[in-house]
Amino acid sequence: MDLDGSEQDPEVKEYSPVCVGREDDIKKSKRMTAVVHDREVVIFYHKGEYHGMDIRCYHSGGPLHLGEIEEFDGRPCIVCPWHKYKITLATGEGLYQSINPRDPSAKPEWCSKGVKQRIHTVTVNNGNIYVTLSKEPFKCDSDFYATGDFKVIQSSF
């Protein structure tokens, strides 16, 4: 129930923006973690842009908030500290290097595995950082680790 006594549609609540912190704080630390509607997310501040995604790596549940941001093929990526999987900050694509085995002079090229990590919308309003969970209907590999037994952030209530 809302404060006015009316019932709120659970789907509307699930996708409503949640304030997760202050802009000044994330600009200093370059990253922060939060629980948004019972889903753990990490927010990165990189080169003047905000990026939000599920906190656990799609591959094996590694803690992305502890990874380093590096550029691959001109795309900023978070590198999972467990197995070094590379995930683009902007789209959640998994990147890997491939080579043509039939061409002995071929150089490795960066390729996409497709979207593997769920990306969430980050907005700023009056110095506050808000996260809105993804409404994308497709299933992402990171969904498996996003809730339940894999949680790493302890709720305060």
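Reading the values: the criteria
Residues numbered from 1 in each chain as written. Predicted model: local features only at pLDDT ≥ 70, side-chain atom pairs only at ≥ 80, totals over all residues. Heavy atoms only, no water. UniProt positions renumbered as here; feature names shortened; annotations may be inferred. Salt bridge = Lys/Arg side-chain N within 4 Å of Asp/Glu carboxyl O. Helix = DSSP H or I, 4+ residues; strand = E, 2+ residues; numbered from the N terminus. Buried < 20%, exposed > 50% of the residue type's maximum accessible area, 1.4 Å probe, protein only. Pairing = 2+ DSSP bridges. Axes fitted to C-alpha atoms, helices over the stretch in contact; angles between N-to-C directions. Phe/Tyr/Trp six-rings, centres within 6.5 Å; stacked < 30°, edge-to-face > 60°.

Under an unreviewed UniProt entry, the name given to the protein chain is Rieske domain-containing protein, and the source organism is Lynx canadensis. Note on the protein chain: under the UniProt heading Cofactor (unreviewed entry), the record states "[2Fe-2S] cluster".

Draft legend 1. Spotlight on the pattern of salt bridges. Under the criterion given, the structure shown has eight salt bridges. The salt bridge partner of Asp-54 is Arg-39, with a shortest N-O separation of 2.8 Å. Here Asp-54, found in strand β4 (residues 49-54), pairs with Arg-39, found in strand β3 (residues 39-46); they are 15 residues apart in sequence, far enough to count as distant. Among the residues examined, Arg-39 registers a relative accessible area of 15% and is labelled buried. In this structure, Glu-71 and Lys-47 form a salt bridge, with 3.0 Å as the shortest nitrogen-oxygen distance. Of this pair, Glu-71 sits in strand β5 (residues 68-72) while Lys-47 is found in the loop between β3 and β4, placing the two residues 24 residues apart along the sequence. Ionic contacts of the salt-bridge type, sharing partners, join the residues Arg-39, Asp-54, Arg-118 and Asp-143 into one network.

Draft legend 2. Structural context of the sheet that holds strand β1 (residues 18-22). The strand order across the open sheet built from six strands is β1-β11-β10-β4-β3-β2, with neighbouring strands paired in antiparallel fashion. Both edges of this open sheet fall to β1 and β2 (31-36), since each of them pairs with a single strand only. Neighbour to neighbour, the strand axes of the sheet diverge by 30 degrees on average, direction disregarded. As judged from the two bridges shared by β4 and strand β10 (residues 119-125), these two strands associate in the antiparallel manner. Its bridge partner being in β10, Met-53 is matched across the sheet by Ile-119.

Draft legend 3. Layout of the packing of aromatic side chains. On inspection of all chains with the given rule, the structure shows four aromatic pairs. Ring geometry for Tyr-58 against Tyr-85: centres 5.7 Å apart, planes inclined by 75 degrees, an arrangement best described as edge-to-face. Pair noted here: Tyr-58 is in the loop between β4 and β5 and Tyr-85 is in the loop between β6 (75-79) and β7 (86-88), with a separation of 27 residues, a long-range link. On the basis of relative accessible area, Tyr-58 is assigned to the buried category, the value being 8%.

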